[in-house]
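# Structural overview
Residues per chain, in single letters:
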Amino acid sequence: MRPIPRVAAVHDISCFGRCSLTVIIPILSSMGIQVCPLPTAIFSTHLGGFRDIAFCDFTDRMPAFYRHWKQEGITFDCIYSGFLASEQQIDTVTHFIDEFSGNRPLVLVDPVMGDEGRLYSVYTPTMQEHMKRLVSKADIITPNFTEACFLLGERYEEQVVEPERLKQWLIRLADFGPSIVIVTGIPLINQQIMNIGYERESGSFQEVVCEHIPARYPGTGDIFASVVAGALLYKLSLPVAMKLAADFVATAIKATFVAGTPAREGVLLESALPRLGEEWAKCRKVL
């Protein structure tokens, strides 16, 4: 791996609201990683809680961007994709991964499709099938509980009483192709949220349980997946990567909830980033 790892981040740019590339770039940069954006679209704000959003769709431009990278001999240590708004975008990312697979980059797919038991309005059954094909290209996937349900055709539950049975879900998700599966945001009883990970090679499971905070902020999934990507890119173990990511998300959410800022503005990433820097420095010392 090069001295400064390089990540191709295939996400939208939401210019206001702290999500997608506006959180991914500072997080990975603070972890000592170069981020090269491959924009899928540019939005004036993210899609939740705003009206009359202005946007520019980059779908047709994406191949020209990555073909120029290919022409210049640019390679990546990691390819990381998030929200994709059409079948064409999903297929474009699949082709991009194939084109840049020569040096075997770590591929993380966050199959962003829905939340709280519902798919986003743009997601059709055909798009779900295309997303399954993209998931098969990944080394790591990070679906939330809703997305795991839809990928597997399982019923969503408001509270999971028997989380142990979800281990079979992770094994089934790994059967799509990825070697590491992390399902986030699993709602438990007693006001707790669980993230559970599975490594196919070792057959081991990792669980991180956090206190539920009664607020929802955009971009927290992007934040979690970004920290995991950075940690695994530096060869940290899955338990360490998951704990680092979950603790940082919890820290950012708690600080934002206490501050009482509007939820649609996202978490107060700027004030939380120094904490990530401190914890990341501790992790790097053991490498």
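Look a little higher up for the structure.
In short, a report on the structure. (Residues numbered from 1 in each chain as written. Predicted model: local features only at pLDDT ≥ 70, side-chain atom pairs only at ≥ 80, totals over all residues. Heavy atoms only, no water.)

All right, on to the sheet that holds strand E11 (residues 180-188) then. On the basis of which strands lie adjacent, the open sheet formed by eight strands has the order E3-E1-E6-E7-E10-E11-E12-E13 and mixed pairing. Looking along the sheet, the strands with just one partner apiece sit at the ends: strand E3 (34-37) and strand E13 (204-211). Strand direction decides the pairing type here: strand E1 (residues 6-10) and E3, joined by four bridges, are parallel. Of the residues in E3, the one forming a bridge with Ala 8 is Cys 36. (Pairing = 2+ DSSP bridges. Helix = DSSP H or I, 4+ residues; strand = E, 2+ residues; numbered from the N terminus.)

It is worth spelling out helix H6 (residues 166-174) at this point. Given 3.6 residues per turn, any residue in an α-helix points the same way as the ones three and four places further on. Burial in H6 covers these residues: Leu 166, Trp 169, Leu 170, Leu 173 and Ala 174. What you see down the axis of H6 is that its buried residues fit within an arc of 135°, all on one side. In this fold, the buried residues of H6 make contact with strand E10 (140-141), helix H5 (145-152), E11, strand E12 (192-199) and E13. (Buried < 20%, exposed > 50% of the residue type's maximum accessible area, 1.4 Å probe, protein only. Arc of directions from axis to C-beta. Contact = heavy atoms within 4.5 Å.)

Turning to the pattern of salt bridges, a few remarks are in order. Counting across every chain of the model gives 12 salt bridges. The shortest N-O distance in the salt bridge between Glu 270 and Arg 18 comes to 3.0 Å. Of this pair, Glu 270 sits in helix H9 (residues 269-285) while Arg 18 sits in the loop between strand E2 (13-14) and helix H1 (21-30), placing them 252 residues apart in sequence. In this structure Glu 270 comes out as exposed when scored by relative accessible area, which is 51%. The network of salt bridges with shared partners includes Asp 115, Glu 116 and Arg 216. (Salt bridge = Lys/Arg side-chain N within 4 Å of Asp/Glu carboxyl O.)

Time to look at the side chain of Thr 184. Tracing the backbone shows Thr 184 in strand E11. Its relative accessible area of 14% is what places Thr 184 among the buried residues. If we ignore the near neighbours within four places in the chain, the residues touching Thr 184 are Pro 143, Asn 144, Phe 145, Met 194, Asn 195 and Phe 224.

On to the packing of aromatic side chains, then. This model, assessed by the stated rule, comprises 15 aromatic pairs. The interplanar angle of 40° and the centroid separation of 5.2 Å between the aromatic rings of Tyr 66 and Phe 96 together place this pair among those described as tilted. With Tyr 66 in helix H2 (residues 62-71) and Phe 96 in helix H3 (residues 87-99), this pair connects stretches of sequence that are 30 residues apart. Taken individually, Tyr 66 and Phe 96 each receive the classification buried, so the pair is uniform in this respect. Site record: aromatic cluster; members linked through ring pairs are Tyr 66, Trp 69, Phe 76, Phe 96 and Phe 100. (Phe/Tyr/Trp six-rings, centres within 6.5 Å; stacked < 30°, edge-to-face > 60°.)

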